[in-house]
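# Coordinates in review
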Amino acid sequence: MTAMLHVRRVLAAGPADLATHAGRHGPLPWRGGPGLLIPTVEAAGLTGRGGAGFPTARKLAAVAAGRRSVVVGNGAEGEPASGKDLALLTGNPHLVLDGLQLAAEAVGAARGHLYAPAGAVPRLRAALAERPGWDRVPVELVEAPDTFVAGEESAVVARVEGHAALPRDTPRRVVEHGVRGAPTLVQNVETLAHLALLARYGPGWFREQGTADEPGTFLATVSGAVAAPGVYEAPYGVPLGELLGQAGGPTAPLQAVLVGGYHGAWLRPDTALPVSRAGLRPYGASPGAGVLVALPTSACGLVESARIAGYLAGQGAGQCGPCVNGLPRLADTLDRLARRDTDPGLPAEARRLSALVTNRGACHHPDGTARLVLSSLSTFDHEVRLHLAGACTAGRSAR
Amino acid sequence: MTDALWYLGRGTGVVALVLLTAAVVLGIGARSGRPLAGLPRFGVALVHRNASLLAAVFLGIHLVTLLFDPYAQLRVVDLVLPFGGAYRPLWLGLGTLASDLILVLIATSLLRHRLGQRAWRAVHWAAYAAWPIAVLHGLGNGTDRGSLWLRAVAAVCVAAVLAALAWRASDRFTETARLRHQREGFR
Amino acid sequence: MKLHIDWTACDGRGLCTELLPELLDRDEWGYPLPRDGNPEPAVPAGLDAPARRAAAQCPRLALRLVP
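Residues numbered from 1 in each chain as written. Chains lettered and ligands numbered in written order. Predicted model: local features only at pLDDT ≥ 70, side-chain atom pairs only at ≥ 80, totals over all residues. Heavy atoms only, no water.

## Looking at the overall build of chain B
Helix and strand counts for chain B stand at seven helices and zero strands. Start at the N end of chain B and walk to the C end: the helices and strands fall as α-α-α-α-α-α-α. Expected size for 187 residues packed as a compact globule is a radius of gyration near 16 Å; at 18 Å, chain B falls within 12% of this value. Summarising its shape, the C-alpha atoms of chain B cover approximately 60 × 40 × 25 Å along the three principal directions. Counting across all 187 residues of chain B, residues that qualify as buried make up 37%. Pairs at least 24 apart in sequence give 64% of the contacts found in chain B among residues at least 6 apart. As displayed, chain B offers around 10300 Å² of accessible surface, 71% of which is attributable to carbon and sulfur atoms. (Helix = DSSP H or I, 4+ residues; strand = E, 2+ residues; numbered from the N terminus. Rg over C-alpha atoms; globule rule 2.2 N^0.38 Å. Buried < 20%, exposed > 50% of the residue type's maximum accessible area, 1.4 Å probe, protein only. Contact = heavy atoms within 4.5 Å. Areas by Shrake-Rupley, 256 points an atom, 1.4 Å probe, with all protein chains shown as cover.)

Structure (structure tokens):
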């Protein structure tokens, strides 16, 4: 197999102290005032890399419209199957910090915060210590707890304010009313890294990779039955097979790939499937934060899904009734199905509970969990039929 | 005339105590989230509110009549600052304290939306202090103290609140207690 | 006008489901369930007064009317 030329933009090659970083990319390309960077970002078509894919220029403009705004770089991955933010924060912190500075200038913020997991804090403290004179806006490092919902936008705001990292009711959008009431930009650290590059090299350069509607590259965390699980960079639209190939290729025949992480969907392992919003939308999926988990045929899709659902049920903030009550019951229902309980009403009950928890909470944790469960019932429908008859494709001995 | 004021003062005091007791019991009932005595849930909440306001009205009349009654020797300051009165300062002071608390309870409840849930709730717990203080004041202060009928009324009030508290502490108190997943924390 | 539910405050006491039965059903745990499936159910003009009452009466201040 010929070596594939893999694009490398935000993933650094080698050491990344400030001097090396400056040598590689040059000084911070300040624009000289608020709002001036936004047309460049819009021309580049940069979208959020935290999962939602919201157009970054629109978000910047919304925050810039307010006064005394604040910027927060969100590196709290929360998702166990994702490692890209940690890799970026420890491997290329100056690119992220550059992006935070440029975003602060763009929205007229006087201070910034970097919300990062414990594992990245030492490296980030060292990086920040190199930057006086380089930075214009002071950046406070805020440690994010290792919980699933800690990276949710309103939870980030709460933690930066000094409260627990739990989602809040948001009658007003965070871009208007966030940290201590100020208009707040909460931006994923990967998005900030892309911002730092396109501000230097221009929208044309940014659009050289990816598709016309989804330009640029993204970081993917590939795990499961692959030879070299890890964080890889690829352009949007990359065929699924090629991305799995970057991670060393499947170690066994695959039955499905979890796309978009624990709040994502199971898809058939079609190697030609383009990994992009447009490519995945017909299958009810989205790249999300670039998480891919390869499931071999030797495993049972329902057992895996039940494990994930159980984990998610335990990771709720414990604030909202439908989630607190519904998610454990949903996980339990899927677990019974995974254990080959022959009650024929189980799939319908799982669907009923999924609908009951969706859109009834302060955040989208229950919605994402329901999505994962419904996807597993659909993609593994053959498995469901077998389990209700007491059997399983993975052929493990009963109970 | 002064006898009439004295009777009115004592009478309204007893009525206020009974209404306060009803308010406490209904407040506990409202917390259960259950429909009670044929009333829908929002009805229980409304009757609780009305009983409290009516108690406040009778409390107000109680204070005003006693202010004008020479035997009570009440100054205006005694209506607000406790334990400084001329006639039975300790027992009178308890009454002042209870009425101060009731005033704050009602004011904060009327302004609940402006105060926010946390602040309102912190103050509302004081109801559990206001009521026993009012009972003690009633038993210790009036010239009826020792009389059988007053003790009987007080006994019924205390029994009612104790029964409500026992219900409050039981595990079948709220309508939804059995239906829900147990989560940490007391709400 | 729409009805916004603060789910972190809601304790499923059910007063709103009594005052706005046209808009809200109640799930098996006691929490309000918008009949139109919308997270923020629209309040038709005729139900304006009951909706205000529900928001005023909620014992947890979990309801508010938003434009």
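## With respect to the packing of helix α14 (residues 365–379) of chain A against helix α15 (residues 381–388) of chain A
Residues and elements named next belong to chain A. Running from N to C, α14 and α15 point in directions that differ by 80°, and their axes come no closer than 4 Å. As far as their axial angle goes, α15 and α14 are roughly perpendicular. Packed against α14, whose contacting residues are S376, L377, S378 and T379, the element α15 presents D381, H382 and V384 at the interface. Within the contact of α14 with α15, the residues separate by chemical class into two nonpolar, four polar and one charged. (Axes fitted to C-alpha atoms, helices over the stretch in contact; angles between N-to-C directions. Parallel < 35°, antiparallel > 145°, perpendicular 65-115°, else oblique. Nonpolar A, V, L, I, M, F, W, Y, C, P; charged D, E, K, R; others polar.)

## A short note on the interface of chain B and chain C
Counting residues at the interface gives 17 residues for chain B, matched by 22 residues for chain C. Both sides together, the interface formed by chain B and chain C hides about 1700 Å², and carbon and sulfur atoms give 42% of it. Run the count over chain B and chain C and you get three salt bridges. Across the pair R180 of chain B and D11 of chain C runs a salt bridge whose closest N-O atoms are separated by 3.2 Å. Summed over the shared surface of chain B and chain C, the result is 11 residue pairs in polar contact (both at pLDDT 80 or more). Among the elements of the structure, α2 (41–68) and α4 (112–115) of chain B are those that each provide at least two residues to the side of chain B that touches chain C. In terms of residues, the side of chain B that touches chain C owes the most to one element, α2 of chain B, which gives four residues. For the side of chain B that touches chain C, the residue count by class is five nonpolar, five polar and seven charged. (Buried area = accessible area lost by both parts, 1.4 Å probe. Salt bridge = Lys/Arg side-chain N within 4 Å of Asp/Glu carboxyl O. Polar contact = N/O pair within 3.5 Å; in protein donor to acceptor, adjacent residues only side chain to side chain.)

## Some thoughts on the pairing of strand β4 (residues 184–188) of chain A
Residue and element names in this part refer to chain A. By the criterion of burial, β4 is predominantly enclosed, with five of the five residues buried. Where burial is concerned, the two faces of β4 agree: the one with T184, V186 and N188 and the one with L185 and Q187 are both buried. The sheet contact formed by strand β1 (residues 70–74) and β4 spans five bridges and is parallel. Looking across to β4, one finds that N74 is bridged to N188. (Pairing = 2+ DSSP bridges.)

Remember, this is a structural readout, not a statement about activity or role.
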